[in-house]
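Letter by letter, the chains look like this.
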Amino acid sequence: MIGDQFSEVSGQRSAETRLVAHKMLTYSDNVILKVLIHSAEEGGYWAEVPALPGCVSQGETMDELRSNIREAIEGWLLAEDAAAESISADEVIEVAV
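Residues numbered from 1 in each chain as written. Predicted model: local features only at pLDDT ≥ 70, side-chain atom pairs only at ≥ 80, totals over all residues. Heavy atoms only, no water.

**Comments concerning a negative patch on the surface**
Stage number 1. Together, E41, E42, E60 and E64 line one region of the surface with negative charge.
Stage number 2. Relative to the elements of secondary structure, E41 occurs in the loop between β3 (31-39) and β4 (45-48).
Stage number 3. According to the relative accessible area criterion, E41 is exposed, its value standing at 77%. (Patch = residues over 30% accessible without salt bridge, like charges linked within 9 Å, V, L, I, M, F, W, Y side chains within 5 Å. Areas by Shrake-Rupley, 256 points an atom, 1.4 Å probe, with all protein chains shown as cover. Salt bridge = Lys/Arg side-chain N within 4 Å of Asp/Glu carboxyl O. Lys, Arg positive; Asp, Glu negative; His and termini not counted. Charge placed at Lys NZ, Arg CZ, Asp CG, Glu CD. Helix = DSSP H or I, 4+ residues; strand = E, 2+ residues; numbered from the N terminus. Buried < 20%, exposed > 50% of the residue type's maximum accessible area, 1.4 Å probe, protein only.)

Here is the structure:
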């Protein structure tokens, strides 16, 4: 499962711009995914995961956004895993980083 804690990148806070926060999610205690959180023009927030193309979500509150982006990451990883299973390969390995 994806960790419940968000941590600030290198402990620094940036000046408020269109990018509201630069957060990190931990996945399986081995992989850290950066999540970019933006203010939405219509209110609320939207987030993107640069390492997972097309993995985006939105929420009216930061709590809702956190829940939604976790769900989006899990869905993206499950879909990618299913896609990888359909590709033939001589050998498949899993690497923990």
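**Topic: the nonpolar core**
As a rule of thumb, nonpolar side chains are buried together in soluble globular proteins.
Stage number 1. By size, the foremost hydrophobic cluster in this structure holds 10 residues: L33, V35, I37, A47, V49, L52, C55, L65, I69 and I73.
Stage number 2. For this core, the secondary structure elements donating two or more residues are β3 and α1 (62-85).
Stage number 3. Discounting residues that sit within four places of it in the chain, L65 has contacts with I37, Y45, W46, A47, S57, Q58 and G59. (Core = buried A, V, L, I, M, F, W, Y, C linked by side-chain atoms within 4.5 Å. Contact = heavy atoms within 4.5 Å.)

**With respect to the side chain of H38**
Stage number 1. By the secondary structure assignment, H38 is in strand β3.
Stage number 2. Engagement of the side chain of H38 in a polar contact is seen with the side chain of E48, the distance being 2.7 Å. (Polar contact = N/O pair within 3.5 Å; in protein donor to acceptor, adjacent residues only side chain to side chain.)

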